[in-house]
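Structure assessment
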Amino acid sequence: MSAKIIDGKAIAQTIRSEIADEVRLLSQNHAKVPGLAVVIVGNRKDSQSYVNMKRKACAEVGIKSFDIDLPEQVSEPELIAKVHELNANPEVHGILVQLPLPKHINEENVLSEISIEKDVDGFHPLNIGKLAMKGRDPLFQPCTPKGCLELLSRSGISIKGKKAVVVGRSNIVGLPVSLLLLKADATISIVHSRTTDPESIIREADIVIAAAGQAMMIKGDWIKPGAAVIDVGTNAVDDPSKKSGYRLVGDVDFHEVSKVAGWITPVPGGVGPMTVAMLLRNTLDGAKRVIGQ
Ligand code: GUN
């Protein structure tokens, strides 16, 4: 058996063109342009490349990006003052503070200061709390988890009543994707670094979301035949045959798992492009909410 490849790059491109059309309509009919503030602190190479991707994607769909680059040494009060300034700016409909922040800054203190109406990352404790509660909806769902569910739905994979196993329990992916799957009526298990015998739990899953940050950890014989496998991992491994000296691999052993699974996302070109597409979607939705559309 050979898995169908879920082409995240192509699906994200479709979504981006849908967004570009809506942005055009908004500016024609209401003379409004959605705005996204992307804040980066310090000069981590990985964060810089993610932020550059996000800013470039904004430009491509007609969203105005506000670029805020702060030095590594910026203080927590200074960063919070910048967030307050963006909260008050009516041209800004979304605020994203790229994580991780330097060690001397408390992430929770900063994220809690972002206006929930502009929390396009969906990381504000109130938005996460609403995501966790039955009958409540957050103003924004976190982008990577939302992208995982969008990949499933656009591939015709139903969630309701299925067994879903999430590998990893981070605030950015593992926890919120579990909550989204639960809201979509899956029966969920979360496997993490302290789980005894994770393989046997993963082997029961109809849907596996791998977000552990461990290169090629999930092997072919851990997967139920026909399962849908969404790989959120992006791990750099040494590869002397590449000019850069490294290549990116997921948390899933693609070579093995693609022989067993029913569907699989590649790395790169699976979940990654969806995170950016969902950020654009959230920013547009935030702007439409303010404009009353
Ligand atoms: N760092 C890694 N992923 C993300 C994300 O989705 N949003 C932000 N703000 N930081 C991140």
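Residues numbered from 1 in each chain as written. Predicted model: local features only at pLDDT ≥ 70, side-chain atom pairs only at ≥ 80, totals over all residues. Heavy atoms only, no water.

1. Focus: the sheet that holds strand β3 (residues 64–70)
Pairing is parallel across the open sheet formed by three strands, whose spatial order is β3-β2-β4. Edge positions in the sheet fall to β3 and β4 (94–97), since each has one partner strand and no second. Between one strand and the next, the sheet's axes are offset by a mean angle of 15°, whatever the strand orientation. Examined bridge by bridge, strand β2 (residues 35–41) and β4 share four bridges and lie parallel to one another. Looking across to β4, one finds that valine 38 is bridged to leucine 96. (Pairing = 2+ DSSP bridges. Helix = DSSP H or I, 4+ residues; strand = E, 2+ residues; numbered from the N terminus. Axes fitted to C-alpha atoms, helices over the stretch in contact; angles between N-to-C directions.)

2. Re the site of the ligand
Around the ligand sit Lys54, Leu96, Val97, Gln98, Leu99, Asp121 and Phe123, and those are all the residues in its vicinity. Between the ligand and valine 97, the relevant distance is 2.9 Å, taken from a nitrogen atom to a main-chain nitrogen or oxygen of the residue. In this structure, glutamine 98 approaches the ligand through a side-chain N or O atom, which is 3.3 Å from a nitrogen atom. Protein burial of the ligand: of its 280 Å² of free accessible surface, 84% is covered by the chains. The class makeup of the residues in the shell around the ligand is four nonpolar, one polar and two charged. (Near = heavy atom within 4 Å. Polar contact = N/O pair within 3.5 Å; in protein donor to acceptor, adjacent residues only side chain to side chain. Areas by Shrake-Rupley, 256 points an atom, 1.4 Å probe, with all protein chains shown as cover. Nonpolar A, V, L, I, M, F, W, Y, C, P; charged D, E, K, R; others polar.)

3. Observations concerning the UniProt feature "domain: Tetrahydrofolate dehydrogenase/cyclohydrolase catalytic" (unreviewed entry) in the chain
The UniProt entry lists residues 6–121 under the feature "domain: Tetrahydrofolate dehydrogenase/cyclohydrolase catalytic" (unreviewed entry), expressed in the numbering used here. Regarding residues 6–121, the helix share stands at 50% and the strand share at 16%, and the terminal C-alpha atoms are separated by 24 Å. (UniProt positions renumbered as here; feature names shortened; annotations may be inferred.)

4. What to know about the packing of helix α6 (residues 143–154) against helix α10 (residues 271–291)
One way to put it is that α6 packs onto α10 with a least axis distance of 8 Å and a crossing angle of 110°. Here α10 runs roughly perpendicular to α6, going by the angle between their axes. Touching Cys143, Thr144, Lys146, Gly147, Cys148, Glu150 and Leu151 of α6 are Val271, Met274, Thr275, Met278, Leu279, Arg281, Asn282 and Asp285, all from α10. Taken together, the residues of the contact of α6 with α10 sort by class into seven nonpolar, four polar and four charged. (Parallel < 35°, antiparallel > 145°, perpendicular 65-115°, else oblique. Contact = heavy atoms within 4.5 Å.)

5. Some remarks on the packing of α6 against helix α7 (residues 174–183)
Contact geometry of α6 with α7 gives a least axis separation of 8 Å together with a crossing angle of 40°. Comparing the axis directions of α6 and α7 gives the class oblique. In terms of crossing hand, the pair formed by α6 and α7 is right-handed. Along the contact surface, α6 presents Pro145, Lys146, Cys148, Leu149 and Leu152, while α7 presents Pro176, Val177, Leu180 and Leu181. Among the residues making up the contact of α6 with α7, the classes are represented as eight nonpolar, no polar and one charged. (Left-handed = near helix turned anticlockwise from the far one by under 90°.)

6. Structural notes on the side chain of threonine 265
The residue threonine 265 is located in the loop between β11 (263–264) and α10 in this model. Of note is the side chain of threonine 265, whose polar atom sits 2.8 Å from the backbone nitrogen of aspartate 231.

7. Focus on the packing of aromatic side chains
Evaluation of the coordinates by the stated rule reveals zero aromatic pairs. A cation over an aromatic ring shows up here: arginine 289 above the ring of phenylalanine 140, its NZ or CZ 4.9 Å from the ring centre. (Phe/Tyr/Trp six-rings, centres within 6.5 Å; stacked < 30°, edge-to-face > 60°. Lys NZ or Arg CZ within 6 Å of the ring centre and 35° of its normal.)

8. Concerning the sheet that holds strand β7 (residues 207–210)
As summarised here, the arrangement of the six strands in space is β1-β11-β8-β7-β5-β6, forming an open sheet in which the pairing is parallel. Each edge of the sheet is formed by a strand with only one pairing partner; in this case those strands are β1 (4–5) and β6 (187–191). In terms of strand pairing, strand β5 (residues 163–167) meets β6 through five bridges, oriented parallel. Within β6, the position partnered with alanine 164 by the bridge is isoleucine 188.

9. Describing α7
In terms of burial, α7 is largely enclosed, as seven of its ten residues are buried. Within α7, burial applies to Gly174, Pro176, Val177, Ser178, Leu179, Leu180 and Leu181. Buried-residue contacts for α7 involve α5 (125–132), α6, β5, β6 and β7. (Buried < 20%, exposed > 50% of the residue type's maximum accessible area, 1.4 Å probe, protein only.)

10. Things to note about unusual backbone geometry
The omega angle of the peptide bond from leucine 99 to proline 100 is 0°, so this bond is cis rather than trans. For the bond running from valine 267 to proline 268, omega is -5°, close enough to zero to count as cis. Along the chain, the position of proline 268 falls in the loop between β11 and α10.

11. Things to note about the nonpolar core
Core analysis: the largest hydrophobic core is formed by 49 residues, its most contacted members being Leu152, Leu181 and Ile209. Among the elements that make up this core, the one with the highest residue count is α10 (eight residues). When sequence neighbours within four positions are dropped, the list of residues in contact with leucine 152 reads Ile157, Ile159, Leu181, Ile207, Ala228 and Ile230. (Core = buried A, V, L, I, M, F, W, Y, C linked by side-chain atoms within 4.5 Å.)

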